[in-house]
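So you can see what is in the structure, the chains are spelled out below.
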Amino acid sequence: MDYSPAVIEVKRGEQIHFVLRNVGTEAHEFLLATTAENLKHAEAMKKSPNMEHDEPNGLRLDARSPERFLWKFSKAGTFEYSCLIPTHASSG
């Protein structure tokens, strides 16, 4: 389980159009946030692994489904994208 490319560099104010393809056989997430925000969200996911997401910075991808995600990086910093479904992030 991984994202490709694993790292991207963007400038503040730049807008990125992510094209996501879940080529696996189970659902995954794409959440774009700081490490601290993702750790907090991961704890919530442990309590409710099937929670519905309504955040502007993420989405859930069903198995074998493509999705598109547009994000403007309005703040400077380091952000990560990850799947926070329990055990998924630790698997890749």
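Structure: above.
Criteria and thresholds
Residues numbered from 1 in each chain as written. Predicted model: local features only at pLDDT ≥ 70, side-chain atom pairs only at ≥ 80, totals over all residues. Heavy atoms only, no water. Core = buried A, V, L, I, M, F, W, Y, C linked by side-chain atoms within 4.5 Å. Buried < 20%, exposed > 50% of the residue type's maximum accessible area, 1.4 Å probe, protein only. Helix = DSSP H or I, 4+ residues; strand = E, 2+ residues; numbered from the N terminus. Expected span 1.5 Å × (residues − 1). Arc of directions from axis to C-beta. Contact = heavy atoms within 4.5 Å. Pairing = 2+ DSSP bridges.

Some thoughts on the nonpolar core
- The biggest cluster of nonpolar side chains holds 10 residues, and these are Ile16, Phe18, Leu20, Phe30, Leu32, Leu59, Leu61, Phe69, Phe73 and Tyr81.
- With three residues, the single largest contributor to this core is strand 1 (residues 15–21).
- Judged by nonpolar contacts, the second largest core, of seven residues, contains Leu31, Ala42, Cys83 and Ile85.

Quick notes on unusual backbone geometry
- The omega torsion of the bond from serine 4 to proline 5 falls at 5°, within 30 degrees of zero and hence cis.
- Note that proline 5 resides in the segment before strand 1.

Details of helix 1 (residues 35–47)
- For helix 1, built from 13 residues, the straight-helix expectation of 18 Å at 1.5 Å per residue is met to within 8% by its first-to-last C-alpha distance of 19 Å.
- Along helix 1, the residues classified as buried are Asn38, His41, Ala42 and Met45. When helix 1 is viewed along its axis, its buried side chains cluster within an angular range of 110° and face the same direction. Facing away from the buried side of helix 1, by more than 90 degrees, are the exposed residues Ala36, Leu39, Lys40, Lys46 and Lys47.
- Structurally, helix 1 contributes buried residues whose contacts are with strand 2 (28–33), strand 3 (58–61) and strand 5 (80–82).

Points about the pairing of strand 1
- Residues Ile16, Phe18 and Leu20 point to one face of strand 1 and are all buried, whereas Gln15, His17, Val19 and Arg21, pointing to the other face, are not buried.
- With seven bridges connecting them, strand 1 and strand 4 (residues 66–72) associate as antiparallel partners. Considered in strand 4, the bridge of arginine 21 is made with proline 66.

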